[in-house]
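Notes for the structure review
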Amino acid sequence: MKVLVLPGDGIGEEITAATLEVLEAVGKKTDIKFEFNHEVVGLKSYEISGTTCPDIVVEKALASDGVLLGPISHLDYTKFETGGINVSGVFRSKLDLYANVRPAHTWRNVPNKAGEDFDLVIMREATEGFYPDRNMFAGCGEFMTDPNTALSVRKITAHASERIARRAFELARTRRKKVTAVHKANTFILTDGLFLREVRNVADEFPDVEFEEKIVDAMAALLIRHPSSFDVICATNFHADILSDLASELSGSLGLAGSINAGENLCAAQAQHGSAPDIAGQGKANPTSLILSGAMLLDWYGQKSQDLRYSKACQIINHAVATCLESAEVRTADLGGPSSTGQFSQHIVNEINAL
Ligand code: NAD
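Below, the structure is looked at part by part. (Residues numbered from 1 in each chain as written. Predicted model: local features only at pLDDT ≥ 70, side-chain atom pairs only at ≥ 80, totals over all residues. Heavy atoms only, no water.)

**Side note on the overall build of the protein chain**
- The helix and strand tally for the protein chain stands at 11 helices and 12 strands.
- For the protein chain, the C-alpha radius of gyration of 20 Å lies close to 20 Å, the compact-globule estimate for 355 residues.
- Each of the three principal axes of the protein chain carries a C-alpha extent, and together these read 55 × 50 × 40 Å.
- The buried share among the 355 residues of the protein chain stands at 55%. (Helix = DSSP H or I, 4+ residues; strand = E, 2+ residues; numbered from the N terminus. Rg over C-alpha atoms; globule rule 2.2 N^0.38 Å. Buried < 20%, exposed > 50% of the residue type's maximum accessible area, 1.4 Å probe, protein only.)

Right, dumping it as structure tokens:
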């Protein structure tokens with residue numbers, strides 16, 4: 001499997017190194033041969049080439065079977081016009097990786113902030129919405145009409161809403177068969193109204209899947225109150241981004257949440273969290289999110305190529321991570337444990353080798 005590796009910014013280097021160790025270990029167990037091709041994006045790339053996302057990276061991604069993408073320090077980038085390109089945005093919109101799949105669940109023995117066990121997946125549309133870098137044909141969707149007035153355009157299309165809804169219902173069929181559509185159609189009458197119209201149409205095709213609708217502000221409260229009542233949550237880009245951080249923090253830590261950006265032919269594994277500059281270079285980062293994202297990428301590729309070794313590899317990683325998280329002495333600092341990033345990934349590798 002050809003994987004393009006892009007460590008990104010902040011804690012990216014550390015958690016990517018940890019993830020590669022785990023992938024190498026699982027590759028040996030399952031007879032998968034990985035070819036890792038390394039490229040640079042983000043602030044390092046900007047220093048070298050004046051852009052945070054060189055064209056060659058996009059070309060190499062298209063020639064790969066999958067991408068391992070670290071977090072990026074987008075907040076610290078210069079303007080788009082001077083080379084500060086949102087790498088995640090490029091992958092999601094230019095490469096049409098429209099389905100940002102973000103699971104969150106509680107772990108055995110790991111303290112959570114929910115008060116009950118839960119297991120849900122947020123299906124986030126990732127190519128449009130309130131994201132100025134991906135919602136215009138030309139130009140940017142955010143602008144100022146005078147020095148004291150800033151405007152932002154939100155784009156919602158039937159096509160993007162329909163296909164993310166379809167992915168949500170297909171996924172729900174393999175799980176507990178329930179989809180919750182999250183919206184704000186009471187205020188965003190046209191945009192969220194269109195999103196809901198498309199989700200409802202898809203829901204009609206899946207009579208075996210329970211369907212409900214929730215307004216996003218109430219949803220934030222409901223997620224905290226009773227997260228176990230949700231299975232697959234389908235939402236537009238911005239709403240899903242916020243709710244998924246909430247859900248993963250409820251599960252124990254933002255550092256525990258895997259995620260993939262999946263299109264029809266390509267998939268990028270990317271941690272749910274950001275580049276955590278406050279702990280970068282200190283060996284404190286929890287690599288679990290990117291490791292689980294890597295496992296999701298293998299599962300996605302296994303389904304695409306109909307090769308069972310990849311789903312087996314995904315299961316092995318998930319099992320090893322769960323086992324390591326169980327003991328408090330093995331966890332990283334965000335979960336109150338003593339392990340550094342590298343020590344934690346070594347525990348996972350040992351677990352895989354011992355299987
Ligand atoms: P963040 O997710 O980087 O950090 C939020 C908090 O969670 C911080 O306290 C951080 O230390 C902690 N944290 C995050 N990941 C962790 C991990 N793996 N282990 C332990 N603790 C972890 O959010 P932020 O501080 O708002 O953003 C920092 C930068 O990341 C910004 O430039 C932002 O634009 C960018 N960002 C990138 C992505 C992405 O690349 N997909 C997503 C969100 C934010």
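Now that the structure has been shown, the text picks up again.
**Considering the packing of helix α7 (residues 216–225) against helix α8 (residues 237–250)**
- Remark: α7 packs on α8, axes separated minimally by 10 Å, with the N-to-C direction vectors making an angle of 10°. With respect to α8, the axis of α7 lies roughly parallel. For the pair α7 and α8, contact is made by V216, M219, A220, L223 and I224 and by H239, L243, L246 and L250, respectively.
- Per-class residue counts for the contact of α7 with α8 are 8 nonpolar, 1 polar and no charged. (Axes fitted to C-alpha atoms, helices over the stretch in contact; angles between N-to-C directions. Parallel < 35°, antiparallel > 145°, perpendicular 65-115°, else oblique. Contact = heavy atoms within 4.5 Å. Nonpolar A, V, L, I, M, F, W, Y, C, P; charged D, E, K, R; others polar.)

**A short note on the site of the ligand**
- Close to the ligand lie 19 residues; I72, G274, A276, D278 and N286 are nearest.
- Residue H74 places a main-chain N or O atom 3.3 Å away from an oxygen atom belonging to the ligand.
- At 3.4 Å from a nitrogen atom of the ligand is found a side-chain nitrogen or oxygen belonging to Q270.
- Here the ligand, which alone exposes 810 Å², has 69% of that area covered by the protein.
- Class assignment for the residues of the shell around the ligand results in 9 nonpolar, 8 polar and 2 charged. (Near = heavy atom within 4 Å. Polar contact = N/O pair within 3.5 Å; in protein donor to acceptor, adjacent residues only side chain to side chain. Areas by Shrake-Rupley, 256 points an atom, 1.4 Å probe, with all protein chains shown as cover.)

**With respect to the side chain of E125**
- Tracing the backbone shows E125 in strand β5 (residues 119–125).
- Of the side chains with opposite charge, R163 comes closest to the buried, unpaired E125, at an N-O distance of 4.7 Å.
- Only 2.5 Å separates the side chain of E125 from the side chain of T127, close enough to count as a polar contact.
- Only 3.1 Å separates the side chain of E125 from the backbone nitrogen of E128, close enough to count as a polar contact.
- When residues no more than four places from it in sequence are discounted, the contact partners of E125 are Y98, A160, I164, A235, T236 and N237. (Lys, Arg positive; Asp, Glu negative; His and termini not counted. Salt bridge = Lys/Arg side-chain N within 4 Å of Asp/Glu carboxyl O.)

**So, the sheet that holds strand β10 (residues 232–235)**
- A sheet is described by the order of its strands in space; here 10 strands give the open sequence β2-β1-β3-β12-β11-β4-β5-β10-β8-β9, paired in mixed fashion. Where the open sheet ends on each side, the last strands, each with one partner, are β2 (35–38) and β9 (210–215). Pairwise comparison of adjacent strand axes, ignoring direction, gives a mean angle of 25° for this sheet.
- Where strand β4 (residues 99–105) meets β5, 7 bridges bridge the pair, whose relative direction is antiparallel. (Pairing = 2+ DSSP bridges.)

**Topic: empty space enclosed by the protein**
- Under the counting rule described, the total for this entry stands at 1 cavity of 30 Å³ or more.
- Space inside the largest cavity adds up to approximately 40 Å³.
- Lining the largest cavity, in full, are E125, E128, I156, A160, S161, F195, T236 and N237.
- Of the residues contributing to the lining of the largest cavity, the split by class is 3 nonpolar, 3 polar and 2 charged. (1 Å grid on protein atoms, 1.4 Å probe; cavity = no way out; pocket = protein on both sides within 12 Å on 5 of 7 lines; lining within 4 Å. Points joined across faces, edges and corners; volume = space filled by probe spheres on them.)

**As for helix α11 (residues 341–354)**
- Compared with the 20 Å implied by 1.5 Å per residue over 14 residues, the 20 Å span of α11 between its first and last C-alpha is a close match.
- Buried residues of α11: T341, F344, S345, I348, V349 and I352, and no others. Buried residues along α11 cover an arc of 140° about the axis, so they all sit on one side. (Expected span 1.5 Å × (residues − 1). Arc of directions from axis to C-beta.)

**A few points about the nonpolar core**
- I260, L298, I317 and I348 are the most contacted members of the largest nonpolar core, which totals 70 residues.
- In contact with L298, not counting residues within four places along its chain, are M1, L23, V26, F34, Y310, A313 and I317.
- Among the nonpolar cores identified, the runner-up in size contains 19 residues, and V67, I85, V90 and L95 belong to it. (Core = buried A, V, L, I, M, F, W, Y, C linked by side-chain atoms within 4.5 Å.)

**Points about the packing of aromatic side chains**
- Under the criterion given, the structure shown has 7 aromatic pairs.
- Ring centres 6.0 Å apart and planes at 85° place the aromatic pair Y131 and F238 in the edge-to-face group. Placement of Y131 in the loop between β5 and β6 (142–146) and of F238 in helix α8 is noted, with a sequence separation of 107 residues between them.
- Judged by centre distance (5.3 Å) and plane angle (35°), the ring pair of F169 and F206 falls under tilted. You can see F169 sitting in helix α5 (residues 158–173) and its partner F206 sitting in the loop between α6 (191–204) and β9, a full 37 residues away along the chain.
- Lying across the ring of F188, R154 places its NZ or CZ 5.1 Å from the centre.
- Sitting above the plane of the Y98 ring, R163 keeps its charged end 3.9 Å from the centroid. (Phe/Tyr/Trp six-rings, centres within 6.5 Å; stacked < 30°, edge-to-face > 60°. Lys NZ or Arg CZ within 6 Å of the ring centre and 35° of its normal.)

**Regarding the environment of L95**
- When you line up the elements, L95 lands in the loop between α4 (87–94) and β4.
- Taking the relative accessible area as the measure of exposure, L95 reaches 12% and is therefore buried.
- In this structure, the C-alpha to C-alpha distance between L95 and E59, residues 36 residues apart in sequence, is 9.9 Å.
- Among all residues touching L95, those that are not within four sequence positions of it are V58, A61, L62, V90 and L266.

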